[in-house]
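Given next are the chains, with one letter for each unit.
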Amino acid sequence: MYKLQNPQPTSHNYSQLTNHLSIMSPATNQVVCVTGAAGFIASWIVKLLLEKGYVVRGTVRNPDDSKNNHLRELEGAKERLTLYKADLLDLESLCEAINGCEGVFHTASPVTDDPEQMMEPAVMGTRNVMVAAAEAKVRRVVFTSSVGAVYMDPNRSPDVVVDESCWSDLQFCKNTKNWYCYGKVVAEQAAWDEAKARGVDLVVVNPGLVIGPLLQPTVNASIIHILKYLTGSAKTYANAVQAYVDVRDVALTHIILFETPSTFGRYLCAESMLHRGEVVEILAKYFPEYPIPTKCKDETKPRARPYKYSIQKLKDLGVKFIPIKESLYDTVKNLQENGHLPMQPTQTGD
Ligand SMILES: NC(=O)c1ccc[n+]([C@@H]2O[C@H](COP(=O)([O-])OP(=O)(O)OC[C@H]3O[C@@H](n4cnc5c(N)ncnc54)[C@H](OP(=O)(O)O)[C@@H]3O)[C@@H](O)[C@H]2O)c1
């Protein structure tokens with residue numbers, strides 16, 4: 001059973017972040033590019049980069065869209081953030097944004113299980129970013145892959161510890177119509193192929209499902225995963241396990257990997273592995289006022305078991321993770337504060 005007290009997220013997390021930031025070397029007006037800058041993870045990367053003194057070029061599809069306003073309001077944005085109009089399928093637009101940069105954080109990707117929408121921007125887009133990075137002779141590219149490119153393998157024995165050497169099985173992703181994971185595998189492989197062919201220094205982050213406070217005005221897919229348990233739209237929870245991590249840790253990991261010359265290869269990035277039943281249990285203890293599901297969708301089958309995994313590579317770099325229960329608490333508080341979730345659920349009358 002969890003023993004939960006309401007955390008004091010702001011002070012804890014802030015000091016944790018600043019601890020990390022203070023051990024990292026100060027940036028001296030280095031120019032870097034963040035693709036898909038207005039996205040959930042990218043917004044936090046941009047925020048931390050600006051706080052460190054970087055000059056940031058953020059690519060967005062439409063710089064005039066008000067959904068980018070939160071970026072312009074970040075500390076340091078007026079002086080050191082420029083938004084570039086770029087689409088992943090338009091190489092020229094990417095070259096324009098990346099030319100003159102020392103580093104690229106490639107986060108932009110569709111996040112969907114629709115293969116039509118997923119594959120081309122994820123894979124061709126990644127190739128294009130790598131080509132643009134090679135032409136610009138950037139020092140390093142940090143690519144946001146996913147744990148979905150790592151763990152989806154039905155033939156793995158339960159004794160195997162999932163680490164950076166593991167790859168999801170493409171045929172299995174296809175058979176189970178998990179086109180997001182399929183797309184992330186192919187996109188990550190494309191990134192490694194291009195890096196090798198073009199001599200680009202590439203480091204990859206493989207985050208679990210990312211939660212935590214949103215900077216952007218719209219609710220992204222991984223936050224909907226939590227929101228649906230609070231609004232009453234999910235009546236049950238799935239019999240499934242998932243690796244979770246806080247967005248602030250994911251953003252910081254990207255920057256640490258960029259700044260630490262000795263880092264290499266892939267980095268699994270997850271704080272804990274939870275069954276959906278544990279997620280709803282934590283939510284219900286913090287926020288009992290919401291209609292959080294109490295029943296598993298699939299009670300007849302044995303409860304899905306967590307797989308073993310290792311984040312030793314990140315631990316060796318001194319990365320400390322925000323406990324996921326705090327992250328869940330901060331997620332809900334942020335959703336309330338930004339009007340995505342009413343403070344008190346509406347009564348159904350039954
Ligand atoms: N959130 C998670 O749980 C999680 C976990 C593991 C890995 N990741 C990876 O992390 C990255 C960011 O995810 P996120 O959760 O921050 O998602 P997000 O908030 O949906 O952000 C995705 C960004 O990609 C941009 N994008 C999509 N298609 C594009 C295209 N064709 N051209 C240019 N930009 C395009 C979007 O721009 P628009 O605003 O214009 O649509 C958006 O800014 C993705 O690569 C995702 O696969 C996410």
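Here the structure is shown first, and the text comes after it.
Keep in mind that this is a model prediction, so the values were computed, not measured. (Residues numbered from 1 in each chain as written. Predicted model: local features only at pLDDT ≥ 70, side-chain atom pairs only at ≥ 80, totals over all residues. Heavy atoms only, no water.)

All told, the structure shown has 8 aromatic pairs when counted by the stated rule. Seen from their ring centres, Trp179 and Tyr182 are 5.2 Å apart, and the 70° between their planes marks the pair as edge-to-face. With Trp179 and Tyr182 both in helix H8 (residues 179–198) and 3 residues apart, the pair spans about one turn of that helix. This pair shows no difference in class: Trp179 is buried, exactly as Tyr182 is. Between Tyr286 and Tyr329, the ring centres sit 5.0 Å apart and the planes meet at 70°, which makes this aromatic pair edge-to-face. Of this pair, Tyr286 sits in helix H11 (residues 276–286) while Tyr329 sits in helix H13 (residues 324–337), and the two are 43 residues apart along the sequence. For Tyr286, a relative accessible area of 8% gives the class buried. The class of Tyr329 is buried, set by a relative accessible area of 8%. A network of ring pairs unites the aromatic residues Tyr286, Phe287, Tyr290 and Tyr329 as a single cluster. Above the face of the Tyr307 ring, Arg156 is positioned so that its terminal group lies 5.2 Å from the ring centre. The lysine or arginine in question, Lys313, covers the ring of Tyr267, its NZ or CZ lying 4.0 Å from the ring centre. (Phe/Tyr/Trp six-rings, centres within 6.5 Å; stacked < 30°, edge-to-face > 60°. Helix = DSSP H or I, 4+ residues; strand = E, 2+ residues; numbered from the N terminus. Buried < 20%, exposed > 50% of the residue type's maximum accessible area, 1.4 Å probe, protein only. Lys NZ or Arg CZ within 6 Å of the ring centre and 35° of its normal.)

Attention shifts here to the environment of Thr260. Residue placement: Thr260 occurs in the loop between helix H10 (247–259) and strand S10 (265–269). C-alpha separation for the pair Thr260 and Leu317, spaced 57 residues apart in sequence, amounts to 8.8 Å. When sequence neighbours within four positions are dropped, the list of residues in contact with Thr260 reads Arg140 and Leu317. (Contact = heavy atoms within 4.5 Å.)

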